[in-house]
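Single-letter residue listing:
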Amino acid sequence: MTTILIRGARILGGAPSDILLRDGVVAETGDLAGAAKAGQTVDADGLIALPGLVDLHTHLREPGREDAETVETGTQAAARGGYTAVHAMANTSPVADTAGVVEQVWRLGQEFGHCDVQPVGAVTSGLEGRQLAELGAMADSAARVRVFSDDGKCVSDAVLMRRALEYVKAFGGVVAQHAQEPRLTEGAQLNEGEVSARLGLTGWPAVAEEAIIARDCLLAAHVGSRLHVCHVSTAGSVEIIRWAKSKGWDVTAEVTPHHLLLTDSCAERSPLGPYNPIYKVNPPLRTADDVRALREALADGTIDCVATDHAPHPVEDKETEWGAAAMGMIGLETALSVVQEAMVETGLLDWAGVADRMSARPARIGRLAGHGRPIEAGAPGNVTLYDPSVRQPVDPSAMASKSRNTPYEGLTLPGRVVATFLRGRPTVLEGKLV
Ligand SMILES: [Zn+2]
């Protein structure tokens, strides 16, 4: 099998160390000057080594919207971003709400994936919020689904949410809720506040998110189950999650890179001009106060992890007027750079913290045993090499994703993923797909 010697990488930002990958695992770390005989050598002088990143929230769009993304292109984008595993959201066409569809996505991942693809199962049939999907059958399937989500839609019916939380306990699953009270967000376009008022766009109130999170924390506690909160976007949500955790309840949460960096003012003033629907996303970009609270919550662990909510859309669905445009942004290829900008450059997280929030914790929440392990002898050979010293403008045309809807065009961001290794084999070398 492949043997690769990584020379002089700073594991989690520490002192330079060699890393020997052999037979799919980390065979040895330390000063391995004597071990240079076999295989390939990768010079990692000045590079940081992180455990391969894990995304809990990726839209790969296949089956059904292969014009936006496929398992192949989406996982290429993931590998380029330093990811070795992604959770594929269930809002495909057909919806991933049966053992058959999750196994189809899982097989596509096995065949075409540039990283591991772990399907997420829908909570309700057809994401319709009327009856539970075949949760047990998806858990027992070859895809071994453990994360269930109607993402894109909220499981707004409290009784269905309670039943889902009760059901997944049988196999150690988790319900990942897209918290959006539907009646409070009818026609909503942008965070409800000063900017939405000035732009004349229908407001999307913070309470629509916070009310569902509060209810679901109470439900999870009531039935003794595990809740994961998707893409937390408001300071109030952070307070509720902090309170739930202080009670000892089994609640985890994620934040997206874009909610850590951008605000609703982008819709008014940005390098790309006002009313640019590139900034239209669900949940919406919020205020600078919310961004501050989200960063602090990620730093202190109230928010467990960063998840991209990579949401590719073809040009015609985004380059239209604000009200008609699709919601969502791509994010896999820029996530680590945005986290460096928002969290590392600000002194809120060190590289060990980044590894914890972008690899270890998401792997644990998603029950991915082969990912998120420290880079030490015996661990799976999942490693990302990252150069934090460069700064470069974001170039959508250079991305591997099939879609181009990145909100960072026109911005200069730090860092570059130089190499990604999946079970000891490179998926990216010198910044290029292998
Ligand atoms: Zn969502």
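Residues numbered from 1 in each chain as written. Predicted model: local features only at pLDDT ≥ 70, side-chain atom pairs only at ≥ 80, totals over all residues. Heavy atoms only, no water.

A.B. asks: Mind laying out the overall build of the protein chain, listing which residues take part and the relevant values?
C.D. replies: When its secondary structure is counted, the protein chain shows 12 helices and 19 strands. By the compact-globule yardstick of 22 Å for 434 residues, the protein chain fits well, its C-alpha radius of gyration being 21 Å. For the protein chain, the spread of C-alpha atoms along the three principal axes comes to 65 × 50 × 45 Å. For the protein chain, the proportion of its 434 residues judged to be buried stands at 62%. (Helix = DSSP H or I, 4+ residues; strand = E, 2+ residues; numbered from the N terminus. Rg over C-alpha atoms; globule rule 2.2 N^0.38 Å. Buried < 20%, exposed > 50% of the residue type's maximum accessible area, 1.4 Å probe, protein only.)

A.B. asks: Give a detailed account of the side chain of Asp-264, specifying residues and quantitative values.
C.D. replies: Take Asp-264: it is sitting in the loop between α8 (257-261) and α9 (288-300). One buried charged residue, Asp-264, forms no salt bridge at all, with the nearest opposite charge on Arg-198 at 7.4 Å. In this structure the side chain of Asp-264 is engaged in a polar contact, spanning 3.1 Å, whose partner is the side chain of Asn-191. (Lys, Arg positive; Asp, Glu negative; His and termini not counted. Salt bridge = Lys/Arg side-chain N within 4 Å of Asp/Glu carboxyl O. Polar contact = N/O pair within 3.5 Å; in protein donor to acceptor, adjacent residues only side chain to side chain.)

A.B. asks: Summarise the layout of surface pockets; cite the residues concerned and give the values.
C.D. replies: By volume, the largest pocket is sized at about 470 Å³. Arg-80, Glu-333, Gln-392, Gly-415 and Arg-416 are, among the 22 residues lining the largest pocket, the residues nearest its centre. For the lining of the largest pocket, the secondary-structure elements that each account for two or more residues are α11 (335-344), β16 (383-393) and β17 (412-422). No other element matches the 4 residues that β17 contributes to the lining of the largest pocket. For the lining of the largest pocket, the per-class residue count stands at 10 nonpolar, 6 polar and 6 charged. (1 Å grid on protein atoms, 1.4 Å probe; cavity = no way out; pocket = protein on both sides within 12 Å on 5 of 7 lines; lining within 4 Å. Points joined across faces, edges and corners; volume = space filled by probe spheres on them. Nonpolar A, V, L, I, M, F, W, Y, C, P; charged D, E, K, R; others polar.)

A.B. asks: Residue-level account of the packing of aromatic side chains, with values.
C.D. replies: The description of an aromatic ring pair uses the distance of the two centres, along with the angle that the planes make with each other. Evaluated as defined, the whole model comprises 4 aromatic pairs. Residues Tyr-167 and Phe-171 carry aromatic rings whose centres are separated by 6.3 Å and whose planes lie at 55° to one another, so their mutual orientation is tilted. Geometrically, the ring pair formed by Trp-243 and Trp-249 is edge-to-face, given 5.1 Å between the ring centres and 80° between the ring planes. You can call Trp-243 partly exposed: its relative accessible area is 36%. (Phe/Tyr/Trp six-rings, centres within 6.5 Å; stacked < 30°, edge-to-face > 60°.)

A.B. asks: Any details on empty space enclosed by the protein? Residues and values, ideally.
C.D. replies: Taken as a whole, this structure holds 3 cavities of 30 Å³ or more when the rule is applied. Estimates place the volume of the largest cavity at around 50 Å³. If you trace the largest cavity, you find it lined by Leu-60, Arg-61, Glu-62, Ala-88, Met-89, Ala-90, Thr-92, Ala-96, Val-102, Val-105, Pro-119 and Val-120. Considered class by class, the residues forming the lining of the largest cavity number 9 nonpolar, 1 polar and 2 charged.

A.B. asks: For the nonpolar core, give the residues involved together with the corresponding values.
C.D. replies: Counting 96 residues, the largest nonpolar core has Phe-148, Leu-336, Val-354 and Met-358 as the members making the most contacts within it. The greatest single-element share of this core, amounting to 7 residues, is contributed by α11. In this view, Met-358 contacts Leu-53, Val-54, Tyr-83, Val-306, Ala-335, Leu-336 and Val-339; residues no more than four positions away in its chain are not counted. Counting residues in each nonpolar core, the second largest holds 17 residues, with Ile-6, Leu-47, Ala-49 and Leu-385 among its members. (Core = buried A, V, L, I, M, F, W, Y, C linked by side-chain atoms within 4.5 Å. Contact = heavy atoms within 4.5 Å.)

A.B. asks: Lay out the pairing of strand β2 (residues 16-22) with the relevant residues and their values.
C.D. replies: Counting buried positions over the 7 residues of β2 gives 5, a clear majority of the element. Two strands pair when backbone bridges link them, and strand β1 (residues 3-11) and β2 are joined in this way by 6 bridges, in the antiparallel orientation. Bridged to Ile-6 within β2 is Ile-19. The loop that links β1 with its antiparallel partner β2 comprises 4 residues; one of these, Leu-12, has a positive phi angle of about 55°. Inspection of the sheet shows β2 paired to strand β3 (residues 25-30) by 5 bridges, in the antiparallel sense. Residue Arg-22 lies in a different strand from β3, and its bridge partner there is Val-25. Count of turn residues in the β2/β3 antiparallel hairpin: 2 residues, of which Asp-23 carries a positive phi of about 50°. (Pairing = 2+ DSSP bridges.)

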